[in-house]
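Here's the letter readout for the chains.
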Amino acid sequence: MPTPRLWRLALVAALAVGAAVVTARGGLAVVAAAPLVLLAASPRTALPGAASVACRLDQYRCVEDDELELVVEVTVAGADRVEAALSLPTHTTATGARSSTVGPTTTAHWTVVPSRWGRYVVGPLRLRVVAGHGLYAATVDVPVGELVVYPAGGALARPVAPRELPARLGEHASRAVGSGVEFGGVRPYAPGDRRRDIDWRTSARQQRLFVRQYAAERGFDLVTVLDVGVDAGPPGRSTLDLTVRAATGLTQTYLAAHDRVGVVSLGGSLRWLTPATGGRQLYRICESVMEVRLDDSEVGGGIDRVPPVALPSGAFVCVLSPLLDDRALEAVRDLRARGFGILVVDVLTEEPEVPHRSGLGRLALRVWRMERDAVRAELAGLGVPLLQWDGSGDLGAALLHAMRALRPEVRA
Amino acid sequence: MTAAVTRHPATARAVAGCAAAGACLLVLTPGQPAVAAVTVGAATVAAAAVAVGWRWLGSAATLLVTAALLLAGATAPDLVGPGRLTAASALLLVFVSGLDTAPGPRRTVRRDTLTTAPLPRRVGLPAVGVAAAACVGLVARQPATASAWLVLVGLVAAVAALLVSTRGH
């Protein structure tokens, strides 16, 4: 379609020709000459007939802060200029636009960095091809695609496990004797023992044969309970962001250790995934926790509605919550009464903002702090460890403390 | 060869603004209050069009700058001769081109230029146009005796040029 430049040049030419004719001054035609030459030498028939565009991201699934490459190939002969405007979703940036041209084909690269988990529609990429010395331009919107950004983990450097583990194969050294690789002690030799298990140093010291024993390697079940009924804090570091990142980090770490990991989402509609192992479970859990953002309903009831298969006996439960309503506290009470080992991770990092000069605001803040203290006191009374997590520390020490603090009667 | 393609909108704006100011300065004649008023007004509107980026304001600025050129050429032909008019019309071309390249006010997405035509191709035709304007100025400077045939030939040439332009587009 014609650009404003065409109409403006035509306006200049018409004005100048008209003024020259009306005033009978041929010198005024000077102003019309250049626009008329441009208009006459760039007819519509000389424009490029067709163009092809290919646009792709190098991957459509990534983790927060991954660098993706967007490649655009435009093939058009006879264009004066090709421009591109990339529409990006929120929390996504594009940097380093670079292009190379070989013949009629131009290839451009952008580096796209999504900084927050979620599902985003990237694009469209609006291409504008200018031809005919800037007198004509065509615009086309090219869809790029949907980008799935998984939350980054990193909440836990290495997996920790309770002292006593259920009789299921895994990678954690348990107290029971088995066929693992971690040293578990020595005992006197008995007929049938393997000769390579003999501990020669102990045998020489004791003047009788001793054999080495090894710890059995067991796995356990971890269930993360996400309290996503409330989202507070700045985008990118809100309680929902921290909850999702902590859950993903725990899931990654424990699935890598061949433990079974499940998830229960409180707040909004109640949903759960039964504990399972394997790489597929990681994606199932990631997809599940990413769905909670879209969910603002209040159906499904409390954690007492979760079937036993999703909360197996003996599982360790990690509750991720901002502790801003009673629902998480009720869930902790319920789980504690059923004998689960629990760690509560408080993901609220900021206090509510109140005006400095507002007496009522300060009073409300004091009441709010007292309510938080009451929640902490109740958790302490229940014997449930509470950890404040701002997204930067490691949950390993707190998990280990909570797991080692399990009383025998609450173990399965 | 790979190259960074980010275009700075400020550059296009600066080029367009300087071109409009230059064109107005070239035709600013002392002792002609009407011409001075139109020229100053044209420069002001051109500056506003460059700064704001509204399309209709750009067209108005083009109209006013052209009017200033023509008014100066018509009222003070001794001061604003074909040479000045040629230079001013070349700057007017640059101004119109710069207006088209500068980003509009509602553009929130950054626009990157992926490729541009080589410099000779971009500059060649405008240079031919400016050369044609210089030729027209040279011819107009020659003394001519008014005759019906000359007026007719001039009118036919102008109408033919307009017809070729409009039919081509």
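From a predicted model like this one, the values you see are computed outputs, not experimental measurements.

What counts, and at which threshold
- Residues numbered from 1 in each chain as written.
- Chains lettered and ligands numbered in written order.
- Predicted model: local features only at pLDDT ≥ 70, side-chain atom pairs only at ≥ 80, totals over all residues.
- Heavy atoms only, no water.
- Helix = DSSP H or I, 4+ residues; strand = E, 2+ residues; numbered from the N terminus.
- Buried < 20%, exposed > 50% of the residue type's maximum accessible area, 1.4 Å probe, protein only.
- Contact = heavy atoms within 4.5 Å.
- Areas by Shrake-Rupley, 256 points an atom, 1.4 Å probe, with all protein chains shown as cover.
- pLDDT = per-residue confidence, 0-100.
- 1 Å grid on protein atoms, 1.4 Å probe; cavity = no way out; pocket = protein on both sides within 12 Å on 5 of 7 lines; lining within 4 Å.
- Points joined across faces, edges and corners; volume = space filled by probe spheres on them.
- Nonpolar A, V, L, I, M, F, W, Y, C, P; charged D, E, K, R; others polar.
- Axes fitted to C-alpha atoms, helices over the stretch in contact; angles between N-to-C directions.
- Parallel < 35°, antiparallel > 145°, perpendicular 65-115°, else oblique.
- Left-handed = near helix turned anticlockwise from the far one by under 90°.
- Patch = residues over 30% accessible without salt bridge, like charges linked within 9 Å, V, L, I, M, F, W, Y side chains within 5 Å.
- Salt bridge = Lys/Arg side-chain N within 4 Å of Asp/Glu carboxyl O.
- Buried area = accessible area lost by both parts, 1.4 Å probe.
- Polar contact = N/O pair within 3.5 Å; in protein donor to acceptor, adjacent residues only side chain to side chain.
- Pairing = 2+ DSSP bridges.
- Phe/Tyr/Trp six-rings, centres within 6.5 Å; stacked < 30°, edge-to-face > 60°.

### Things to note about the overall build of chain B
A count of helical and extended segments in chain B gives six helices and two strands. If you list the helices and strands of chain B from N to C, you get β-α-α-α-α-β-α-α. The 169 residues of chain B split such that 34% are buried. Sequence-distant contacts in chain B: of pairs separated by 6 or more residues, those separated by 24 or more amount to 74%. When the accessible surface of chain B is summed, it comes to about 9000 Å², and 72% of that surface belongs to carbon and sulfur atoms.

### Let's talk about the confidence of the model for chain B
Residue and element names in this part refer to chain B. Of all residues in chain B, 89% have pLDDT values of 70 or greater, and the mean over the chain is 81. Looking across chain B, the model is least confident in strand 1 (residues 2–4), with a mean pLDDT of 43, and most confident in helix 3 (residues 55–75), with 89. Segment residues 1–6: pLDDT under 50, and 19 contacts once partners within four positions in sequence are set aside and those in other chains are kept. Reported confidences for the modelled complex are a pTM of 0.70 and an ipTM of 0.86.

### Structural notes on empty space enclosed by the protein
Here the structure, examined in full by the defined rule, presents one cavity of 30 Å³ or more. Along the walls of the largest cavity sit L9(A), V12(A), V31(A), P35(A), S89(B), L92(B), L93(B) and V96(B), which together make up its complete lining. For the lining of the largest cavity, the element with the highest residue contribution is helix 4 (residues 82–101) of chain B, accounting for four residues.

### Some thoughts on unusual backbone geometry
Residues and elements named next belong to chain A. In this structure, D65 is a non-glycine residue whose phi angle is positive, near 70°. By the secondary structure assignment, D65 is in the loop between strand 2 (61–63) and strand 3 (68–76). By relative accessible area, which is 52% here, D65 ends up exposed.

### Concerning the layout of surface pockets
Which parts of space are left empty comes out when a probe the size of a water molecule is rolled across the atoms. Volume-wise, the largest pocket comes out at about 1200 Å³. Forming the boundary of the largest pocket are 38 residues, of which A20(A), R25(A), G26(A), G27(A) and A29(A) lie nearest the centre. Listing elements by their share of the lining of the largest pocket, those giving two or more residues are helix 1 (4–23) and helix 2 (29–41) of chain A together with helix 4, helix 5 (119–141) and helix 6 (148–168) of chain B. Looking at the lining of the largest pocket element by element, the count peaks at eight residues for helix 6 of chain B. Here the lining of the largest pocket is built from residues that sort into 28 nonpolar, eight polar and two charged.

### What about the packing of helix 4 of chain B against helix 5 of chain B?
All names here are of chain B. Between helix 4 and helix 5, the shortest axis-to-axis distance is 9 Å and the interhelical angle comes to 160°. Taken together, the axes of helix 4 and helix 5 lie roughly antiparallel to each other. The element helix 4 and its partner helix 5 pack so that their crossing is right-handed. When helix 4 is examined against helix 5, the residues P82, G83, T86, S89, A90 and L93 are found in contact with a partner set consisting of P126, V130, A133, A134, G137 and R141. Its residues placed into classes, the contact of helix 4 with helix 5 shows seven nonpolar, four polar and one charged.

### Re a nonpolar patch on the surface
Together, V21(A), V151(B) and L155(B) make up a nonpolar patch on the protein surface, roughly 240 Å² of accessible area in all. Following the sequence through the fold, L155(B) ends up in helix 6. L155(B) sits in the partly exposed class, given a relative accessible area of 36%.

### Quick word on the interface of chain B and chain A
The partner chain A presents 59 residues to the 56 residues of chain B that form the contact. Taken together, the two surfaces of chain B and chain A that pack against each other cover about 4800 Å², and 66% of this comes from carbon and sulfur. Contact with chain A buries surface across chain B, with D100(B), L114(B) and H169(B) losing the most and accounting together for 16% of the total. At the junction of chain B and chain A, the tally comes to one salt bridge. The partner of D80(A) in a salt bridge is R121(B), and the shortest N-O contact between them spans 3.0 Å. Taken together, chain B and chain A are joined by 13 residue pairs in polar contact (both at pLDDT 80 or more). Every element with two or more residues in the side of chain B that touches chain A is listed here: strand 1, helix 3, helix 4, strand 2 (111–116), helix 5 and helix 6 of chain B. Classifying every residue of the side of chain B that touches chain A gives 31 nonpolar, 18 polar and seven charged. As judged from the five bridges shared by strand 4 (residues 81–86) of chain A and strand 2 of chain B, these two strands associate in the antiparallel manner. Note on strand 2 of chain B: the bridge partner recorded for V82(A) is T115(B).

### Here we look at the environment of L242(A)
All names here are of chain A. Following the sequence through the fold, L242 ends up in helix 4 (residues 239–256). L242 sits 91 residues away from P151 along the chain, and the two C-alpha atoms are 9.3 Å apart. When neighbours within four sequence positions are excluded, L242 is seen to be in contact with R237, V347, T349, W389, D390 and G391.

### Some words on the packing of aromatic side chains
The geometry of an aromatic ring pair is captured by the separation of the ring centres together with the interplanar angle, meaning the angle of the planes. Residue and element names in this part refer to chain A. With the rule as written, the count across this model stands at three aromatic pairs over all chains. Centroid distance Y150 to Y283: 5.6 Å. Interplanar angle 70°. Geometry classified as edge-to-face. Here the residue Y150 occupies a position in strand 10 (residues 145–150), and Y283 occupies one in helix 5 (residues 279–291), the gap between them amounting to 133 residues. Take Y150: its relative accessible area is 6%, and that puts it in the buried class. According to the relative accessible area criterion, Y283 is partly exposed, its value standing at 47%.

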